Amino acid sequence: MRKVKVRLGTNSYDIHIGSGLLTQTGHQLKENGFVNKLVIITNPTVKGLYGDALKQNLITEGFKVTILQVPEGEEQKSLDAAGSLYGELTDFYAERITPILALGGGVIGDLAGFVAATYLRGVPLIQIPTTLLAQVDSSIGGKVAVNHGQLKNKIGAFYQPRLVISDISTLTTLPTKVLIDGLAEVIKSAVIGDKDFFAFLEKNLNKVKSLNVEVLEEVVSQSAKIKAEIVEKDETDLGLRSILNYGHTVGHAIESTSNFKVQHGEAVAIGMLAEASISNKLGILNKDELIRLKSVIKRAELPTQMPNLEVENIIQAIEHDKKVLRGKIRFVLPQSIGSVFITDEVSLSLVEEALIGEDEAT
Ligand code: NAD
Ligand code: GLY
């Protein structure tokens, strides 16, 4: 098992990464001082795959356990779903010391995390992420939220977990589409933070796709380390943390323009390429590195071509964000693989040029 530490003073915690950790959870929780009862929040898919085994392990270790289920889907990140969970926690007589275990992908992690942050003004949260995206990104750093109307993550908090348990073997049951969505965030981590990790991905991408557990363990560990270091420097997202949004300025605009038909990871992949191309056009990122990035994205089976959307509409969506951000639109651009910078000096005509001419990277 590997450990990555997130150093945040009294809110510090460990991320445990390894294969088969799920069935050692009870022991780990006792080591961390938890006793008596606890609550697992999950969805039917993950419960069927892992919830019952986890529950059994916890019961064997002497815990009183209840599993609360929310249906599948992003729409469950809602105040209504949180409200139902508050009721069920009350029925279970959950106390301020009763931990909530968030077992699932980013949807469950964000919702259960929001409930943990707010129920009784905060109960301990244990993240047990089971998707690649959740293991490398959403379970780390304490952002918990629900959506409000059409607005994503509008109501939330910074609420750090007490422990993150990333069992690599859970990734072996992921549908390919979900795995590949997470791969976009892995590539993002390497581009923003570690050129050697990028080289590792170039070498081992096929093993990631074939779910080689050792390679996945390295991928999750390296990505977690990169995110942990950023969160340690800027826990509440006032500056540096925004580099985690590399690929997302253009990516979000593509997602919303497509009415969310383009998946998040796909949109981020196109966004990463467009933003790398902007950097290249500004004379910063060299062509060879742009080509390396395009090649990794392609090999990950993520799109490198713009979807069938009007570039004009994507620019409009970026401009809409600009209004929301008081006239400044921030871009995170790679200066080289492994290092990025933040700028609000990118003209929309250059973005348009990058989106239209993004094919030049071949
Ligand atoms: P998800 O939670 O919807 O999971 C994707 C699908 O995989 C679901 O159908 C789920 O039931 C299934 N699943 C989960 N684990 C499985 C397993 N081991 N085997 C088989 N199927 C499994 O999607 P996601 O990509 O994990 O998370 C997306 C969410 O994460 C979004 O709501 C996004 O806003 C949020 N997010 C949050 C942060 C943060 O910092 N808090 C960061 C990035 C994304
Ligand atoms: N996923 C972006 C962040 O955690 O800040």
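Residues numbered from 1 in each chain as written. Chains lettered and ligands numbered in written order. Predicted model: local features only at pLDDT ≥ 70, side-chain atom pairs only at ≥ 80, totals over all residues. Heavy atoms only, no water.

## A closer look at the pattern of salt bridges
Any two side chains of opposite charge can pair, on the condition that their charged atoms come close. This is how it is decided: Counted as salt bridges are all cases of a side-chain nitrogen of Lys or Arg within 4 Å of a carboxyl oxygen of Asp or Glu. Strands are runs of DSSP state E lasting at least 2 residues, helices are runs of H or I lasting at least 4, and numbering of each runs from the N terminus. Partly exposed residues are those whose accessible area sits between 20% and 50% of the maximum for their type, while under 20% is buried and over 50% is exposed, using a 1.4 Å probe and protein chains only.
Tallying each qualifying case throughout the model produces 18 salt bridges. A salt bridge links Glu-202 to Arg-292; the nearest nitrogen and oxygen atoms lie 2.8 Å apart. Taken together, the residues Glu-202 in helix H7 (residues 195–209) and Arg-292 in helix H11 (residues 287–299) connect sequence positions 90 residues apart. Residue Glu-301 is joined to Lys-209 by a salt bridge in which the shortest nitrogen-to-oxygen separation is 3.1 Å. Of this pair, Glu-301 sits in the loop between H11 and helix H12 (311–324) while Lys-209 sits in helix H7, and the two are 92 residues apart along the sequence. Overall, the relative accessible area of 52% leaves Glu-301 in the exposed class. Using a relative accessible area of 26% as the deciding quantity, one classes Lys-209 as partly exposed. Overlapping salt bridges bring together Glu-74, Lys-77, Asp-110 and Lys-152 as one network.

## Regarding the sheet that holds strand E1 (residues 2–6)
Stated formally: The criterion for strand pairing is that DSSP finds at least two bridges linking the strands in question. For helices, the axis comes from a line fit to the C-alpha atoms of the stretch in contact; other axes are also lines fit to C-alpha atoms, and the angle between any two N-to-C directions lies between 0 and 180 degrees. By definition in these notes, contact holds between two residues if any of their heavy atoms fall within 4.5 Å.
The strand order across the open sheet formed by seven strands is E1-E2-E9-E6-E5-E3-E4, and the pairing between neighbours is mixed. One side of each edge strand has no neighbouring strand; the edge strands of this open sheet are E1 and strand E4 (64–69). Within the sheet, the average angular offset between the axes of one strand and its neighbour, ignoring direction, is 20 degrees. The pairing of strand E6 (residues 125–129) with strand E9 (residues 163–167) spans two bridges and is classified as parallel. The partner of Gln-127 across the bridge, within E9, is Val-164. Lying over the sheet, helix H2 (residues 44–60) contacts strand E3 (37–42), E4, strand E5 (100–104) and E6, oriented at roughly 170 degrees with respect to E4.

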